[in-house]
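# A look at the structure
Spelled out, the chains give:
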Amino acid sequence: MENVVGDRVLIAVQAVNISRLSTHPVPTVPGTLIVVAGAGPKDSNGAGKSSFIASITALLGDEQWRFASGAKAVSELLFNAELASGAGARQWASADHGYIVGVFAPPGMEGFSGDPETAQPADSLAPPAAAAHRAGAAVLGGADGEEASGEASGELFEVPDASGGALTVWLKVNQEAPHLEIRWREGVHLAASPSEAERVARADEIWASLPKSAGRRDVVARDLTKVLYGDRVRCVSFLSTSVRSKVATNLLSQPLNEISPERVFEAIAALTGLDAELEQEREARRDEHAKRVRAAQAADRLAEFESESKALLTTFDRRDQARIRLADALRCWRGRQARRLADAAAKDESLASELERRRAAGETAAEAIAMVKAETATLREDTLDRQVSQARKELAALQARAAKLDADRAVAENSADELRGQTQALEETRRFADGRDVPTAERELREVRLRLNEALKALGVADQEMHSAQAALDDAEGGRAAAQLNALAAAGIGATGLLDALDVAEQAREAAQPGGLRGWPHEHAVIVDATQLSSAADALAALPGSVLVSAAGVSVVGAFDGVATGREARIKAAEQRLHRAKDVQETAAQAVRDGEEAVAEAQRRLEGARAGVRLAEVEAKLSERRTRLGELNAAIEELAPKVAEAERLAGTLDFRARTRDMEIERLEGRRQRHEAERAQARDQEAKVAAEREALRLDALAADWGGTVETARAWLEALPEEERPRTAEEWWRIAERHFDQALRDTFPEEDAEIPEELRYLLDERGGSTAREQATFAAVCGALASYLRGQEEYERHQRRQIEAQIVSRQRDLAAAARGAEEAAQSTAVHRAALTAAIKARLTRVAEEFEKLDTSYGGYGATLEFPVPPAPADPEQRWQWRVTPKWRRGEGQGFVPYNRRANTALMDEKAIKLVCAAAIASSGGGHLCLVLDELGRNLGKEHRREAVALFRRIGETYGITVIGALQDDMEPYAIDACGQYVKLRRSSDAMPYNEPPVIVGHDQHAERVRALAAYVDRS
């Protein structure tokens, strides 16, 4: 299924969970200029203009969304709570899916029927049939069939039920893959409910009710343009916003003469769809380069293999020679083993007789040692040792007890000294108690603290009264009319306060309170001379609400709160009140000071009483320490004679023990001499035995693999020239043969030697003995390796011959593939060159038509064919130079020559429209522009916007442009439709209902739409 939309044009858009856009449907007028304005919290920013036009480009299949790669960037249009509002992350949740819904209808479609009761007459709309309606009241959908015009299917207005009628396309945008899913149904099917939340829920219900577009599954992003629009381009755009993964060069974002020819081509390529074809050309160059690389690699591999094969064959020949040399090395090793076994057998016979003599000498020395040990055992009976040990234990116990008593006495003396030091300070403090005990002192302290608290309260009351009296005096002296009097005095006008000029009798003062003279206007009134009344009014102009009294009457400027009359009487009463308050305050302050001194005295008495109690406790403890010192001194005097007697007894026993030890030491010396003789005999015996053992006859026989007689017979059978060889000579010859065999097997130092063989070679290094000990094992490992390689080498010789033939065939095939790829790339580049030239020629022709049709003298494009880059990763960079005539009959002038701003802006608009017309292929096209007119001068903006509208209506192009605040006054009168998105506060995550003003040439469709929106 392809080209489902066909020739239909977009007439309405609805966004659900897309950015902060409102879910209200937005009608669109095809074939004219639609401007999208915004009213955010501060200016037009933040209203969602870029998201709105970006969602339209996604709906219309703009290839800059990379649909072939899954269009992941479209998911960034979903509502994000954190970005929508500062508190959004806490009050709202981000959307995991949303919908972009578009209604498509045939161009020029008539016969729409709205509600006859609410439809407006066609002649009530301003020419050419303009419709203004509040989109906030437009509830579009299928759930509320009784309230919506049309049938319960939810159509905006009745359309013929045929394949050529209206079609609703739903794009589901998902946060996770697949990021786009597409469904559609004949007719108008939009989400309709009274509130935003209900419309969101209704959208999920409608999506579930729509049939899956591809049978068991939905059409996804990679098939969107093919299924919905076939091979036709329905939308080109310049979006300079963060919601796009790719931002193309915008020819309207800056003065045209500041854009390089390369970037001009990039912009035209993005508008005309040449991007994909240039990318295909780069892929072809990459393929050609890859095949050439593969051909070169095949040739290198063949040469390398031939070189390696030659080296392998040489290695195989060397290994055959190594096998012969290894056999010679093993024969010489066997001659060494036979010679060693025969020589060792002869030496062993002479060492056997020497061993018998050493054993007899050792037995004689052992008998002498036994006699000395018997004498020593007699002296070493343990009675004396036990006595010495017991005496030492008793002496140590008595000395420890004496040391303990001395330490206790020192502790008692220190404690007594500390207690005596405390008594003097406690006696000084006790005198403050004046004979009072602790409970009495605590009771007195509580009483004086209570009196102090009462005094503090009285002082606070007195302070408050004094401040109140002072404030009353200040008020009486200044008065409420002080500001008026000061202003008049500054102007040189004499005046008196009205209440200050009045004296009220004492008996009448209460009658003059709030119910009498107090309050406005009396309290704020001033008396002036009648001749200065106007001057006084001017002087009091800065004090509105003032009242002027003169012989000419009363002039009211304003009103004030009232105060009492009789200034002198009020001042005198306030002064008397202040004097009384100060006297009371001084009396209260003196009472507080007396209370504080009484509290301090009571505190000192309490401390003295407590010190007396503590002194009694200290004296009791001091008496205890003195008694303890007497007891300790008596115990020390009693213990001293016992310690002296224990020391004498321990000394006597120690002397006897030393005498016995000297005799034992003499006997030990004689025993040691006999043991030395026996040890020497044993050493000699062991040495002879070790020499016999070192001969290792058994091991030598095992190495030989037979007896001594067979070894002697093997030696006798040797040729005459080999028979006299010693074991060392046999070894040197065997070593030479092995070294040569090893070099033949592994000729290079960094050769991959088997792990076992490498280990044995490492082990045998360092000494001749280690080499000899590991010779048999290393020869066996090398022989095993050579045996294992023998069959492999024969197989390798056959494989090498087969591989050379195969690699020659691969080289020939790779060379043919590289040549074919080069020819294919050349053909593709030639075809692409022709296509680019044809497309740019078409743009140049449309550029010429637009320029001559709208006030110009003709324009064209210059685009020389650039050479293809050598680097396969580099893009084929074309250059496009716009040119135009500045007068009738003149030549073309390049765009980067100096010109006025209006001319540059006009040519840029015409070039963009020409590229859009050339890419449309004759079908309806939507041109979407962000920041419309951002670079246009103020004096040219209205003309530029009007040019967009005229071109769009002439060529059937729907131009949708988002604009900033400064462009709105110029665009609102020149456009074919005006859409304003609104959001009044940053605290609101969603937009308010948009305002839409449209001018549509099809009156019936406008009436049906207006009736539907107004009734809803």
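Residues numbered from 1 in each chain as written. Predicted model: local features only at pLDDT ≥ 70, side-chain atom pairs only at ≥ 80, totals over all residues. Heavy atoms only, no water.

Within the protein chain one finds 22 helices and 20 strands. Burial analysis of the protein chain (1016 residues in total) assigns 44% to the buried set. Considering only intrachain contacts with a sequence separation of at least 6, the fraction spanning at least 24 residues in the protein chain is 78%. Summing over all exposed atoms, the protein chain offers an accessible surface of approximately 51,700 Å²; the carbon and sulfur share of this is 50%. (Helix = DSSP H or I, 4+ residues; strand = E, 2+ residues; numbered from the N terminus. Buried < 20%, exposed > 50% of the residue type's maximum accessible area, 1.4 Å probe, protein only. Contact = heavy atoms within 4.5 Å. Areas by Shrake-Rupley, 256 points an atom, 1.4 Å probe, with all protein chains shown as cover.)

Next up on the list: the sheet that holds strand E13 (residues 553-556). In space, the four strands of this open sheet follow the order E10-E11-E12-E13, with mixed pairing throughout. For this open sheet the edge positions go to strand E10 (496-497) and E13, each flanked by a neighbour on one side alone. (Pairing = 2+ DSSP bridges.)

Looking now at helix H4 (residues 196-209). Given a rise of 1.5 Å per residue, 14 residues ought to cover 20 Å, and the 20 Å separating the end C-alpha atoms of H4 matches this to within 8%. For H4, the full list of buried residues reads Arg-199, Arg-202, Ala-203, Ile-206 and Trp-207. Buried residues of H4, viewed axially, fall in a sector of 140°; they line one side. Facing away from the buried surface of H4 by more than 90 degrees, the exposed residues are Ala-197 and Ala-208. Sitting at the head of H4, Ser-195 places a side-chain oxygen 3.3 Å from the backbone nitrogen of Glu-198. (Expected span 1.5 Å × (residues − 1). Arc of directions from axis to C-beta. Polar contact = N/O pair within 3.5 Å; in protein donor to acceptor, adjacent residues only side chain to side chain.)

Buried residues dominate strand E4 (residues 97-105), accounting for nine of its nine residues. Pairing analysis gives seven bridges linking strand E1 (residues 9-16) to E4, with the strands arranged antiparallel. Paired with Val-9 across the strands is Ala-105, a residue of E4. Taken together, the eight bridges between E4 and strand E6 (residues 167-174) define a ladder with antiparallel strand orientation. The partner of Gly-98 across the bridge, within E6, is Val-173.

Position of Glu-846 relative to the elements: it lies in helix H18 (residues 775-853). Judged by relative accessible area, Glu-846 falls into the buried class, the value being 5%. Other than its neighbours up to four places away in sequence, Glu-846 contacts Ala-914, Ile-917, Ala-918 and Tyr-955.

The next subject is the confidence of the model for the protein chain. Per-chain confidence: the protein chain averages 77 in pLDDT, with 84% of residues scoring 70 or above. Scored below 50 in pLDDT, residues 110-163 shows 119 contacts in the model against residues more than four places distant or in partner chains. Note on residues 559-565: pLDDT under 50 across the span, and 35 contacts to partners over four residues away in sequence or across chains. (pLDDT = per-residue confidence, 0-100.)

Right, let's talk about the pattern of salt bridges for a bit. Following the criterion strictly, the structure yields 35 salt bridges and no others. The residue Arg-323 makes a salt bridge to Asp-320 at a minimum N-O spacing of 2.6 Å. One end of the pair, Arg-323, and the other, Asp-320, are both in helix H7 (residues 274-379), three residues apart, so they sit about a helical turn from each other. Owing to a relative accessible area of 18%, Arg-323 belongs among the buried residues under this scheme. Each member of the salt-bridge network shares a partner with another, and the members are Glu-444, Glu-601, Arg-604 and Arg-605. (Salt bridge = Lys/Arg side-chain N within 4 Å of Asp/Glu carboxyl O.)

Turning to the packing of helix H15 (residues 727-745) against helix H16 (residues 755-764), a few remarks are in order. The interhelical angle for the contact between H15 and H16, taken along N-to-C directions, is 140°, at an axis separation of 15 Å. Considering the angle they form, H15 stands oblique to H16. In terms of crossing hand, the pair formed by H15 and H16 is left-handed. Contacts between H15 and H16 involve Trp-731, Glu-735, Phe-738 and Leu-742 on the former and, on the latter, Leu-757, Leu-761 and Arg-764. For the contact of H15 with H16, the residue count by class is five nonpolar, no polar and two charged. (Axes fitted to C-alpha atoms, helices over the stretch in contact; angles between N-to-C directions. Parallel < 35°, antiparallel > 145°, perpendicular 65-115°, else oblique. Left-handed = near helix turned anticlockwise from the far one by under 90°. Nonpolar A, V, L, I, M, F, W, Y, C, P; charged D, E, K, R; others polar.)

For the bond running from Ala-177 to Pro-178, omega is -5°, close enough to zero to count as cis. Relative to the helices and strands, Pro-178 is located in the loop between E6 and strand E7 (180-186). The backbone phi angle of Ala-71 is positive, close to 55°, even though this residue is not glycine. Relative to the helices and strands, Ala-71 resides in the loop between helix H1 (49-59) and helix H2 (81-84).

Strand order in the open sheet made by the three strands is E14-E15-E16, with antiparallel pairing throughout. Lying at the two open borders of the sheet, with one neighbouring strand each, are strand E14 (859-862) and strand E16 (892-894). Strand-to-strand twist of the sheet, defined as the mean angle between neighbouring strand axes without regard to direction, takes the value 35°. Relative to strand E15 (residues 881-885), E14 runs antiparallel, the two being bridged by four bridges.

Note on placement: Ser-555 falls in strand E13. Between the C-alpha atoms of Ser-555 and Leu-533, which are 22 residues apart in sequence, the distance is 8.3 Å. Residues in contact with Ser-555, not counting those within four places in the same chain, are Leu-533, Ser-546, Val-547 and Leu-548.

A few words now on the packing of aromatic side chains. Under the definition given, this model contains twelve aromatic pairs. Where Phe-265 meets Trp-878, the ring centres are 6.0 Å apart and the plane angle is 20°; that geometry is what we call stacked. Taken together, the positions of Phe-265 in helix H6 (residues 261-272) and Trp-878 in the loop between E14 and E15 put the pair 613 residues apart, joining distant regions of the chain. By the burial criterion, Phe-265 is buried, and Trp-878 matches it. Measuring from centroid to centroid gives 6.3 Å for Trp-714 and Trp-730, while their planes differ by 55°, and the two rings are tilted. Placement of the pair is Trp-714 in helix H14 (residues 708-716) and Trp-730 in helix H15, with a sequence separation of 16 residues. Residue classification places Trp-730 among the buried positions, given a relative accessible area of 0%. Ring pairs connect the aromatic residues Trp-333, Trp-731, Phe-738 and Phe-775, which therefore count as one cluster. Over the ring of Trp-704 we find Arg-334, and its NZ or CZ is 4.0 Å from the ring centre. The ring centre of Trp-730 lies 4.9 Å from the NZ or CZ of Arg-725, which sits over that ring. (Phe/Tyr/Trp six-rings, centres within 6.5 Å; stacked < 30°, edge-to-face > 60°. Lys NZ or Arg CZ within 6 Å of the ring centre and 35° of its normal.)

Residues Phe-265, Ile-268, Leu-861, Leu-927 and Phe-948 are the most contacted members of the largest nonpolar core, which totals 61 residues. Ranked by the residues each element gives to this core, the list is headed by helix H19 (residues 901-920), at twelve residues. Membership of the second largest hydrophobic core comes to 49 residues, among which are Ile-56, Ala-73, Ile-100 and Ala-962. (Core = buried A, V, L, I, M, F, W, Y, C linked by side-chain atoms within 4.5 Å.)

Turning our attention to the packing of H6 against H18. At a minimum axis separation of 11 Å, H6 and H18 run at an interaxial angle of 95°. One finds that H6 runs roughly perpendicular with respect to H18. Residues Phe-265, Ile-268 and Thr-272 of H6 touch H18, and the partners they reach there are Ile-836, Arg-839, Leu-840 and Val-843. Taken together, the residues of the contact of H6 with H18 break down into five nonpolar, one polar and one charged.

As a further point, take H6. The end-to-end C-alpha separation of H6 is 16 Å, in line with the 16 Å expected for twelve residues at 1.5 Å each. Inspection of H6 places Pro-261, Val-264, Phe-265, Ala-267, Ile-268, Ala-269, Ala-270, Leu-271 and Thr-272 among the buried residues, and these make up the whole buried set.

This part is about the pairing of strand E19 (residues 977-982). Across six bridges, strand E3 (residues 33-39) lies against E19 in parallel orientation. Bridge pairing links Ala-39 to Arg-982 in E19. As defined by bridge partners, E19 adjoins strand E20 (residues 992-999) across five bridges and the pair is classed as antiparallel. Residue Lys-980 lies in a different strand from E20, and its bridge partner there is Val-995.

Mapped onto the elements, Gln-280 comes out in helix H7. The sequence separation of Gln-280 and Arg-829 amounts to 549 residues, and the corresponding C-alpha distance is 9.7 Å.

This brings us to the environment of Arg-183. Tracing the backbone through its elements, the reader meets Arg-183 in strand E7. On the basis of relative accessibility, which here comes to 7%, the residue Arg-183 falls in the buried class. As a C-alpha pair, Arg-183 and Leu-171 span twelve residues in sequence and 6.7 Å in three-dimensional space. Here Arg-183 is in contact with Thr-168, Val-169, Trp-170, Trp-207, Ala-208, Leu-210, Pro-211, Lys-212, Ser-213 and Asp-218, once residues within four sequence places are set aside. A polar side-chain atom of Arg-183 sits 2.7 Å from a polar atom in the side chain of Asp-218.

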